[in-house]
Amino acid sequence: MTSDRNLPEIAAVRESLAELGHPWQAAETRMSRLPEEWRNARLGVPTPTDAEIAARTGQPDAMAAAAQSALGQQVSAAGAPGISLPASFDLRNVGGRNFVTPIRDQGGCGSCVSFGTLASMESTAAYTRGTPGMNLNLSEAHLYHVHAKARGYTCASGSWPDDLYGDCVTKGVTFEDYFPYNDNGSGTVNADWPNRLAKAVGLVNLTGNPAAMKQHIYSYGAIESCFVVYSDFMHYKTGVYKHTTNSVAGGHCVSLIGWDDAAGCWIGKNSWGTGWGENGFFRIAYGDSFIEDYPGDRATVFGCTGVNLRAWLPAQRTLRLFATANDANGWAYLEHYGWTHLAGGPNTTTNKLAELTHARGSGHAVTPFINGNELSTVQVHD
Amino acid sequence: MTSSTSRTSRKKTSAASTPPIPTTTVKADAPADPQTNVDDPNIAPPSPTGAFDGSSVSSVSLDRDAPMPPRLDPAGALAAEEITAGWVYARTISYLYSYDDPAGVWAHVVGIGWKRLSPNSLSGHSHMAILSTLATHDNITVDYHEDASGRIDQIMV
């Protein structure tokens, strides 16, 4: 039920949408119900100045044209599902497989950069291995309440993605179960976190290049992006978002998981729970809200080409084994991880292959310890 | 048939009333590691070692020049685009042959004939022999790649 306080606000947005031909629908969302200061607390990218926004006149149209012209562009990455960019792509449905982790909720903290960054990494980890069942869940609390805090960032200050994605490359982020997220920053990270760790590799700056953004999503998985939030965005329910007001609420960071040229939009994954937007997801018009290049001097669109792990993973089946005539070149294909090289040299490869052949033949599960994409240790179950 | 025989054998072992208790004898020529006591048969195996500062998340022992495995779908099946020249798919190995040579294993591929496992490296030869043994024992089909001499130099089970 819409509260009295929000009725005029949503009605005004609907009037504007009617003038635009109803590109999207406004309704009461869980964000609509919050007081303005609580809504804005979730906008964790420093707000651009009026001058910075004014300096970007013409950018939205240029970005929209560049996004549309990328159609059919050749794709060279070996892991991409095709050789040219398609008219539409959605990581939630790549040949029936979903490479997007569930919607999270950042609560009342300006930690959206942490959520956008880790949503990108979780998607890339699964997509680059072709294993939708990986279901990696990384700790936004570790990235924000430890790494970002060390840089001086707070819930109120917000942060920048180049800093936080950079920390994911150099320091790494532990798993959610080692530091569950609370928006008030409570709790501590498990002291064993260096042994339950994910690190981003191949960090790429995609700012201001819609074709490169599409190439990256298609080749390596979700990317993170920042955009200017106008006040009507809080009431977004469904459709292709275009701002209907020039009232700037702040800056926000999300992950982008696909696009649709026919509708002229990016597909985004937000961190405001499933009670906002299209069950937590949204579509935003190419160029709108400066989503390809946030006003100001800093780069704000990033992706990574891989995610390395150092962690015990859940017990799973060994589906295939691979060996070659080369010295110490044994591999195992684990059900929810994909191919992993057997680490440690010729003798340990022999040992592991002997154990894994039993698991492969019997169907018994194995519990793997992965270190930098290599199978460091394995426990074979009976 | 052979796989069911193996499972039956294992169940018989587990059904024994009292499994033997491991002895604590440590061979004199294999002193225990003071850090991990890895030779003590009564303790759990050691945890993975390595730097604990998070800096060890990297691939360190992978030979970048060695062949990589083909792409598979999540069910472990070969992706359609990975069908390439030099590979032979879904074959059964009916016999194995080993003679008195460190790299002397041959595999008999049904419908094709005898194929020698490449002697390019001793460890690689042994690893391919292990996988060939699994394929033969459990009646699992294999995909393999031949080198220019017609020898098996890559195998996937």
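Within each chain, residues carry numbers counting from 1 in the order of the written sequence. Chain letters start at A and ligand numbers start at 1, both assigned in the order the entries are written. Since the coordinates come from a predicted model, pLDDT governs what is reported: local features require at least 70, and pairs of side-chain atoms require 80 or more to be given and counted, while whole-chain, interface and lining totals use all residues. To get the side-chain values, all heavy atoms of the structure are used, and hydrogens and water are removed first.

(A) Here's a closer look at the overall build of chain A. Per the secondary structure count, chain A includes 9 helices and 17 strands. Computation of the radius of gyration draws on C-alpha atoms, with the globule rule given as 2.2 Å multiplied by the number of residues to the power 0.38. Expected size for 382 residues packed as a compact globule is a radius of gyration near 21 Å; at 22 Å, chain A falls within 12% of this value. Projecting the C-alpha coordinates of chain A onto the three principal axes gives extents of approximately 70 × 50 × 40 Å. Buried means the residue's accessible area, taken with a 1.4 Å probe over protein chains only, is under 20% of the maximum for its type, while exposed means over 50%, and partly exposed covers the values in between. Counting every position in chain A, which comprises 382 residues, the buried fraction comes to 58%. Accessible surface for chain A amounts to roughly 13600 Å². Of this, 50% is attributable to carbon and sulfur atoms. The positive charge centre, built from 27 side chains, and the negative charge centre, built from 35, are 6 Å apart in chain A. Helical segments are the DSSP runs of H or I of at least four residues, strand segments are the runs of E of at least two, and each set is numbered from the N terminus. Note on areas: Shrake-Rupley with a 1.4 Å probe; residue coverage comes only from the protein chains shown. When charges are counted, Lys and Arg contribute as positive and Asp and Glu as negative, whereas His and the chain ends are disregarded. For charged residues, the charge sits on one atom: NZ in Lys, CZ in Arg, CG in Asp, CD in Glu.

(B) Representation of the overall build of chain B in the model. Scanning chain B from terminus to terminus reveals 2 helices and 6 strands. In sequence order, the secondary structure elements of chain B are arranged as α-β-β-β-β-α-β-β. Across the 157 residues that make up chain B, the buried fraction comes to 32%.

(C) Structural context of the sheet that holds strand 3 (residues 105-109) of chain B. Residue and element names in this part refer to chain B. Only strands that DSSP links by at least two bridges are regarded as paired with each other. On the basis of which strands lie adjacent, the open sheet formed by 3 strands has the order 2-3-4 and antiparallel pairing. Looking along the sheet, the strands with just one partner apiece sit at the ends: strand 2 (93-98) and strand 4 (113-116). This sheet shows a mean twist of 25° between the axes of neighbouring strands, independent of strand direction. In terms of strand pairing, strand 3 meets strand 4 through 4 bridges, oriented antiparallel. Each bridged residue has a counterpart across the sheet, and for Val109 the counterpart in strand 4 is Gly113. We call two residues in contact when some of their heavy atoms are within 4.5 Å. The angle between two axes is taken between their N-to-C directions and runs from 0 to 180 degrees, where each axis is a line fitted to C-alpha atoms and a helix contributes only its stretch in contact. Against the sheet, helix 2 (residues 122-138) touches strand 2 and strand 3, its axis set at about 140° to strand 2.

(D) Region of the structure containing unusual backbone geometry. The phi dihedral of Asn373 of chain A is positive, around 75°, even though this residue is not glycine. Structurally, Asn373 of chain A is set in the loop between strand 16 (366-371) and strand 17 (374-380). One non-glycine residue with positive phi stands out, namely Ala90 of chain B, at about 50°. For Ala90 of chain B, the location among the structural elements is in strand 1 (residues 87-91).

(E) The packing of helix 5 (residues 112-127) of chain A against helix 7 (residues 161-170) of chain A, seen in detail. Residues and elements named next belong to chain A. Remark: helix 5 packs on helix 7, axes separated minimally by 10 Å, with the N-to-C direction vectors making an angle of 45°. Taken together, the axis directions place helix 5 and helix 7 in an arrangement best described as oblique. Crossing of helix 5 over helix 7 shows right-handed handedness. Taken together, the residues of helix 7 that come into contact with helix 5 (itself represented by Val113, Ser114, Thr117, Leu118, Ser120 and Met121) are Pro161, Leu164, Tyr165 and Cys168. Ten residue types, Ala, Val, Leu, Ile, Met, Phe, Trp, Tyr, Cys and Pro, are classed as nonpolar, four, Asp, Glu, Lys and Arg, as charged, and the remainder, Gly among them, as polar. Partitioning the contact of helix 5 with helix 7 into residue classes produces 7 nonpolar, 3 polar and no charged. Here roughly perpendicular refers to angles of 65 to 115 degrees, roughly parallel to angles under 35, roughly antiparallel to angles over 145, and oblique to all remaining angles. Two helices cross in a left-handed way if the nearer one is turned anticlockwise from the farther one by less than a right angle. They cross in a right-handed way if the turn is clockwise.

(F) Region of the structure containing helix 7 of chain A. All names here are of chain A. Burial analysis of helix 7 places 7 of its 10 residues in the buried class, the great majority of the element. Where the residues of helix 7 are buried, they touch helix 5, helix 6 (140-150), strand 3 (173-174), strand 4 (197-201), strand 6 (223-230) and strand 11 (301-303). A positive backbone phi angle near 85° is found at Gly172, which sits one or two residues after helix 7.

(G) Highlighting the environment of Asp260 of chain A. Residue and element names in this part refer to chain A. Tracing the sequence through the fold places Asp260 in strand 8 (residues 248-260). Of the residues examined, Asp260 reaches a relative accessible area of 24% and is grouped as partly exposed. Sequence separation between Asp260 and Arg283 is 23 residues; the distance between their C-alpha atoms is 8.9 Å. Not counting the four nearest positions on each side in its chain, Asp260 is found in contact with Ala87, Ser88, Cys265 and Tyr286.

(H) Up close: the interface of chain A and chain B. Listed per partner, the contact involves 50 residues of chain A and 48 residues of chain B. Of the roughly 3900 Å² buried where chain A meets chain B, counting both sides, 57% is carbon and sulfur surface. When the area that chain A buries against chain B is broken down by residue, the three leading residues are Arg320, Phe322 and Ala325 of chain A, summing to 17%. Any Lys or Arg side-chain nitrogen found within 4 Å of a carboxyl oxygen on Asp or Glu counts as a salt bridge. Across the contact surface, chain A and chain B share 1 salt bridge. The salt bridge involving Asp143 of chain B is made with Arg320 of chain A; its shortest N-O contact spans 2.9 Å. Polar contacts, as counted here, are pairs of nitrogen or oxygen atoms within 3.5 Å of one another; within protein the pair requires one atom able to donate a hydrogen and one able to accept it, and residues that are adjacent in sequence qualify only if both atoms are side-chain atoms. For the interface between chain A and chain B, the tally reads 17 residue pairs in polar contact (both at pLDDT 80 or more). Summed over both partners, the accessible surface that disappears when two parts come together, traced with a 1.4 Å probe, is what is meant by buried area.

(I) Examining the sheet that holds strand 15 (residues 338-342) of chain A more closely. Read from one edge to the other, the open sheet built from 11 strands follows the order 3(A)-4(A)-12(A)-16(A)-17(A)-15(A)-14(A)-13(A)-6(B)-5(B)-1(B), with strand pairing classed as mixed. Two strands in the sheet have a free side with no partner beyond their single neighbour: strand 3 of chain A together with strand 1 of chain B. Two strands pair when backbone bridges link them, and strand 12 (residues 306-312) of chain A and strand 16 of chain A are joined in this way by 3 bridges, in the antiparallel orientation. Of the residues in strand 16 of chain A, the one forming a bridge with Trp312 of chain A is Phe369 of chain A. The strands touched by helix 2 of chain B are strand 13 (318-324) of chain A together with strand 5 (142-146) and strand 6 (152-156) of chain B; relative to strand 13 of chain A, the strand with the most contacts, the crossing angle is about 140°.

(J) Structural detail: a nonpolar patch on the surface. Residue and element names in this part refer to chain B. A cluster of nonpolar side chains, Tyr95, Tyr97, Tyr99, Trp106 and Trp114, forms an exposed patch at the surface whose accessible area comes to about 550 Å². Considering the arrangement of structural elements, one finds Trp114 in strand 4. The partly exposed category is assigned to Trp114, whose relative accessible area is 42%. Each patch is built from residues that are more than 30% exposed by relative accessible area and take part in no salt bridge. Like charges join if they lie within 9 Å; nonpolar side chains (Val, Leu, Ile, Met, Phe, Trp, Tyr) join within 5 Å.

(K) Expanded view of the domain arrangement of chain A. Residue and element names in this part refer to chain A. Domain start and stop points were drawn from an automatic or database domain assignment. Its domain assignment divides chain A into domain 1 (6-308) and domain 2 (313-381). On a C-alpha basis, the centres of domain 1 and domain 2 stand 35 Å from each other. With 9 residues of domain 1 in contact, the opposing surface of domain 2 contributes 9 residues. Here domain 1 packs against domain 2, burying approximately 650 Å² in sum over the two surfaces, 52% of which is carbon and sulfur. On the domain 1 side of the contact with domain 2, Arg129, Thr131 and Asn308 bury the most area, a combined 56% of that side's loss. Scanning the region where domain 1 abuts domain 2 turns up 0 salt bridges. Taken together, the residues of the side of domain 1 that touches domain 2 break down into 3 nonpolar, 5 polar and 1 charged.

(L) Layout of the side chain of Asn326 of chain A. Mapped onto the fold, Asn326 of chain A is located in the loop between strand 13 and strand 14 (330-334). Setting aside residues up to four positions removed in sequence, Asn326 of chain A forms contacts with Ala66, Pro67, Asn120, Ser121, Ser123 and Gly124 of chain B.

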